[in-house]
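As a plain string of letters, each chain reads:
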Amino acid sequence: MLPITIGIAIGIIVSFQTAVNSRLRSFIGSPYQASFVSFAIGTLFLAVITLLGHQSLWVSGTLLATQPWWIWIGGLLGVIFLTTNILLFPHIGAVQTAIMPILGQVIMGSIIDNFGWFNATKQPLTLIKVIGLLLALAGIIITVALPEILQRRNQLQRPTTTGNPLLWRLLGVLTGALGATQTTINGRLGLVLHSAVHAAFISFLIGTLGLLVIVLIANHGLKEVRRATGPGRPWWLWIGGLLGAIFVLGNAYLAPILGTGQTVVFALLGQIAGGLLVDQFGLLGANRKPVVPVQLLGLATLIAGVVMIRLF
């Protein structure tokens with residue numbers, strides 16, 4: 001029961017991180033610089049936790065030589081996931097930007113568990129688990145997408161998108177698949193290093209370096225970061241990285257225990273529940289959007305799917 005509670009809790013935490021980072025971006029302007037700040041703070045936090053545990057921040061040359069190359073790229077996959085979501089929005093709109101990566105996460109998580117990819121423990125799909133996954137996806141779609149679709153229909157609006165939507169949707173699904181792959185890789189790295197904290201630090205460090213390259217190419221520096229400092233700027237603008245670090249740490253700890261698929265689904269349950277709380281009460285500077293009954297129906301459907309996945 002404890003791993004399930006942790007999975008839901010880190011999902012709630014990452015929904016708060018989303019609200020914090022959105023507010024940070026509103027001050028800084030550049031999504032890449034805001035993301036870099038978040039990753040850098042998360043890296044520092046995890047470095048301190050690693051050192052307090054009397055562990056080295058680095059890995060031995062022997063470990064580098066004996067482990068597969070993919071075990072070190074979890075942080076880069078996280079950066080790709082983050083950056084691609086930013087790029088998706090103007091092409092497929094807010095709803096599909098949320099749904100397509102989730103679809104990719106759930107599908108890829110189930111595939112990884114079924115075949116034992118990336119040295120994960122095999123957890124074969126059963127008919128009951130497939131039904132549970134379909135229920136979970138239905139609950140996600142009902143909760144996240146249906147309210148906006150109904151509102152758009154009532155207002156006779158059509159979504160504003162650019163380019164070829166099909167290609168961008170496929171990219172969104174692929175991005176979600178990379179997110180699930182990151183969860184598996186970080187979990188494996190935690191086993192190799194005998195520390196989920198150390199694995200999360202390595203992942204964040206590599207992600208921070210990757211984002212630094214993106215920032216230098218796209219924005220030629222970090223000049224806009226100072227906009228988030230000074231009077232009138234809430235202190236909690238700077239805790240997004242810490243919340244993200246806890247999320248990655250939780251994933252690295254849970255993936256070897258629950259498997260990638262269940263870790264992803266439990267975290268998504270927490271993420272959606274936390275997102276509804278943020279919207280309902282306008283937490284952390286977010287615009288208040290009262291929860292509608294159809295979203296509660298979607299959440300109940302998602303919970304039913306999660307129960308079927310876990311118990312059967």
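Keep in mind that this is a model prediction, so the values were computed, not measured.

1. Section: the overall build of the protein chain
And then number 1: Along its length, the protein chain carries eleven helices and zero strands.
And then number 2: Listing every helix and strand of the protein chain by position from the N terminus yields α-α-α-α-α-α-α-α-α-α-α.
And then number 3: Relative to a compact globule of 312 residues, whose C-alpha radius of gyration would be 20 Å, the protein chain shows 19 Å and is just as compact.
And then number 4: With the C-alpha coordinates of the protein chain rotated into their principal frame, the extents come out at 60 × 55 × 35 Å.

2. Quick word on the packing of helix H7 (residues 165-193) against helix H10 (residues 260-281)
Two quantities define a packed helix pair, namely the angle between the helix axes and the distance between the axes.
And then number 1: Where H7 meets H10, the axes come as close as 10 Å, and the angle between the chain directions of the two elements is 120 degrees. In terms of axis orientation, H7 runs oblique to H10. H7 and H10 meet at a crossing whose hand is right-handed. Counting all contacts with H7, which are made through Ala-180, Thr-183 and Thr-184, the residues of H10 involved are Thr-260, Thr-263 and Val-264.
And then number 2: Its residues assigned to classes, the contact of H7 with H10 comprises two nonpolar, four polar and no charged.

3. Here's the deal with helix H2 (residues 31-52)
And then number 1: With 22 residues, H2 extends 32 Å between its outermost C-alpha atoms, agreeing within 8% with the 32 Å of an ideal straight helix rising 1.5 Å per residue.
And then number 2: Just past H2, the residue His-54 takes up positive phi, approximately 60 degrees.

4. A word on the packing of helix H1 (residues 2-28) against helix H9 (residues 240-258)
And then number 1: In contact at an axis separation of 9 Å, H1 and H9 are set at 155 degrees when each is read in the N-to-C sense. Viewed along their axes, H1 and H9 adopt a mutual orientation that is roughly antiparallel. Taken as a pair, H1 and H9 cross one another with a handedness that is left-handed. In contact with Pro-3, Ile-6, Gly-7, Ile-10, Ile-13, Val-14, Phe-16, Gln-17, Val-20 and Asn-21 of H1, H9 contributes Gly-240, Leu-243, Gly-244, Ile-246, Phe-247, Gly-250, Asn-251, Tyr-253, Leu-254, Ile-257 and Leu-258.

5. Section: helix H8 (residues 196-218)
And then number 1: Helix length check: H8 (23 residues) gives 32 Å between terminal C-alpha atoms against 33 Å at 1.5 Å per residue, within 8%.
And then number 2: Between the side-chain oxygen of the N-cap and the backbone nitrogen of Val-197 there are 3.4 Å, and the N-cap of H8 in question is Ser-195.
And then number 3: A positive phi of about 55 degrees marks His-220, the residue just after H8.

6. Describing the packing of aromatic side chains
Between two aromatic rings, the relevant description is the distance of the centres plus the angle of the planes.
And then number 1: Per the counting criterion, the structure on display carries four aromatic pairs.
And then number 2: Residues Phe-115 and Trp-117 carry aromatic rings whose centres are separated by 5.9 Å and whose planes lie at 20 degrees to one another, so their mutual orientation is stacked.
And then number 3: The partly exposed category is assigned to Trp-117, whose relative accessible area is 39%.

7. Section: unusual backbone geometry
And then number 1: You will see that Phe-118, though not glycine, has its phi angle at about 55 degrees, which is positive.
And then number 2: When you line up the elements, Phe-118 lands in the loop between helix H4 (74-115) and helix H5 (127-144).

8. A closer look at the nonpolar core
And then number 1: If you look at the biggest cluster of nonpolar residues, it comprises 55 residues, and the most contacted ones within it are Ile-140, Leu-189 and Leu-302.
And then number 2: Discounting chain neighbours no more than four positions away, the residues touching Ile-140 are Ile-99, Ile-102, Ala-145, Leu-268, Ile-272 and Leu-302.
And then number 3: Counting eleven residues, the second-largest nonpolar core is a separate cluster that includes Leu-24, Phe-27, Ala-34 and Leu-243.

9. A look at the confidence of the model for the protein chain
And then number 1: The predicted model of the protein chain has a mean per-residue pLDDT of 87, with 95% of residues at 70 or higher.
And then number 2: Confidence, read as mean pLDDT per element, is least for helix H6 (residues 146-154) in the protein chain (73) and greatest for H8 (94).

10. Thoughts on the environment of Gly-274
And then number 1: Its place among the elements puts Gly-274 in helix H10.
And then number 2: Residues Gly-274 and Ala-138, spaced 136 residues apart in sequence, show a C-alpha to C-alpha distance of 18 Å.
And then number 3: Dropping the residues within four chain positions of it, Gly-274 is found in contact with Ile-12, Ser-15 and Phe-16.

11. So, the environment of Pro-290
And then number 1: Relative to the elements of secondary structure, Pro-290 occurs in the loop between H10 and helix H11 (293-311).
And then number 2: On a C-alpha basis, the gap between Pro-290 and Val-79 in space is 31 Å, while along the polypeptide they are 211 residues apart.
And then number 3: If we ignore the near neighbours within four places in the chain, the residues touching Pro-290 are Asp-279, Gln-280 and Gln-295.

12. Here's the deal with the side chain of Ser-110
And then number 1: Mapped onto the elements of the fold, Ser-110 is located in helix H4.
And then number 2: Among all residues touching Ser-110, those that are not within four sequence positions of it are Leu-125, Leu-133 and Gly-261.

13. Topic: the environment of Ile-12
And then number 1: Note on placement: Ile-12 falls in helix H1.
And then number 2: Residue class for Ile-12 comes out partly exposed when judged on its relative accessible area of 25%.
And then number 3: As a C-alpha pair, Ile-12 and Glu-224 span 212 residues in sequence and 29 Å in three-dimensional space.
And then number 4: What Ile-12 contacts, discounting residues up to four positions off in sequence, is Gly-270, Gln-271 and Gly-274.

Basis of the calculations
Residues numbered from 1 in each chain as written. Predicted model: local features only at pLDDT ≥ 70, side-chain atom pairs only at ≥ 80, totals over all residues. Heavy atoms only, no water. Helix = DSSP H or I, 4+ residues; strand = E, 2+ residues; numbered from the N terminus. Rg over C-alpha atoms; globule rule 2.2 N^0.38 Å. Axes fitted to C-alpha atoms, helices over the stretch in contact; angles between N-to-C directions. Parallel < 35°, antiparallel > 145°, perpendicular 65-115°, else oblique. Left-handed = near helix turned anticlockwise from the far one by under 90°. Contact = heavy atoms within 4.5 Å. Nonpolar A, V, L, I, M, F, W, Y, C, P; charged D, E, K, R; others polar. Expected span 1.5 Å × (residues − 1). Polar contact = N/O pair within 3.5 Å; in protein donor to acceptor, adjacent residues only side chain to side chain. Phe/Tyr/Trp six-rings, centres within 6.5 Å; stacked < 30°, edge-to-face > 60°. Buried < 20%, exposed > 50% of the residue type's maximum accessible area, 1.4 Å probe, protein only. Core = buried A, V, L, I, M, F, W, Y, C linked by side-chain atoms within 4.5 Å. pLDDT = per-residue confidence, 0-100.

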